[in-house]
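Structural characterization, general
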Amino acid sequence: RSIKANIDQRWLSATVLEIIANAIRHAKTSARVILSSENGRHRIAIEDDGRGFSDDARASLGEPRFTRSAARAGLGLSLSIARDVVRAHGGEIRFLKTTLPEPNQGARVEIEFSNA
């Protein structure tokens, strides 16, 4: 079934692919993408079983220049760009703990938007 939404496919695709790449980089053994649609709201959730986001870190995720570890290469710009792209399309992005069964493990990024 197709979903009709008012989005720029190139920007949204690049955003989702970057979040998937982050999940793969941080995963211990697996990452997954979950698609859902209900009542005109569409959700793309990307989860990994890595170390996840701490409660303190989640408050800063999506802000420019954030990175989970100062020792790790990268400026953390991909999540702030993802946030801006999703918001520009009228959507929401959330940085959560995973829904995987292992407690306090993994990260989940949800992108949600509405029908056009």
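Residues numbered from 1 in each chain as written. Predicted model: local features only at pLDDT ≥ 70, side-chain atom pairs only at ≥ 80, totals over all residues. Heavy atoms only, no water.

Overview of the overall build of the chain
Helix and strand content of the chain: three helices and four strands. Listing each helix as α and each strand as β along the chain from the N terminus yields α-β-β-α-α-β-β. Out of the 116 residues belonging to the chain, those deemed buried represent 34%. Counting contacts in the chain only where the partners sit at least 6 residues apart, residues at least 24 apart contribute 56% of the total. As displayed, the chain has an accessible area near 7,200 Å², and 51% of this comes from carbon and sulfur atoms. (Helix = DSSP H or I, 4+ residues; strand = E, 2+ residues; numbered from the N terminus. Buried < 20%, exposed > 50% of the residue type's maximum accessible area, 1.4 Å probe, protein only. Contact = heavy atoms within 4.5 Å. Areas by Shrake-Rupley, 256 points an atom, 1.4 Å probe, with all protein chains shown as cover.)

Overview of the pairing of strand E4 (residues 107–114)
Of all eight residues in E4, seven are buried, a share of seventy percent or more. In the sheet, strand E3 (residues 92–97) pairs with E4 via six bridges, with the strands oriented antiparallel. If you follow Phe-95 over to E4, its bridge partner there is Val-109. (Pairing = 2+ DSSP bridges.)

Notes on the environment of Ser-30
Within the element layout of this structure, Ser-30 appears in the loop between helix H1 (9–26) and strand E1 (31–38). Relative accessible area serves as the criterion here: at 36%, Ser-30 is assigned to the partly exposed category. Taking the C-alpha atoms as reference points, Ser-30 and Gly-106, 76 residues apart in sequence, are found 9.8 Å from one another.

A look at the side chain of Arg-108
Residue position: Arg-108 is located in strand E4. For Arg-108, a relative accessible area of 9% puts it in the buried group. Within polar-contact distance, the side chain of Arg-108 engages the side chain of Glu-47 at 2.7 Å. A polar atom in the side chain of Arg-108 sits 2.7 Å from the side chain of Glu-110. (Polar contact = N/O pair within 3.5 Å; in protein donor to acceptor, adjacent residues only side chain to side chain.)

Things to note about the confidence of the model for the chain
Per-residue pLDDT for the chain has a mean of 78; in total, 70% of the residues score no lower than 70. Within the chain, the lowest mean pLDDT, 69, falls on helix H2 (residues 55–60), and the highest, 93, falls on E1. (pLDDT = per-residue confidence, 0-100.)

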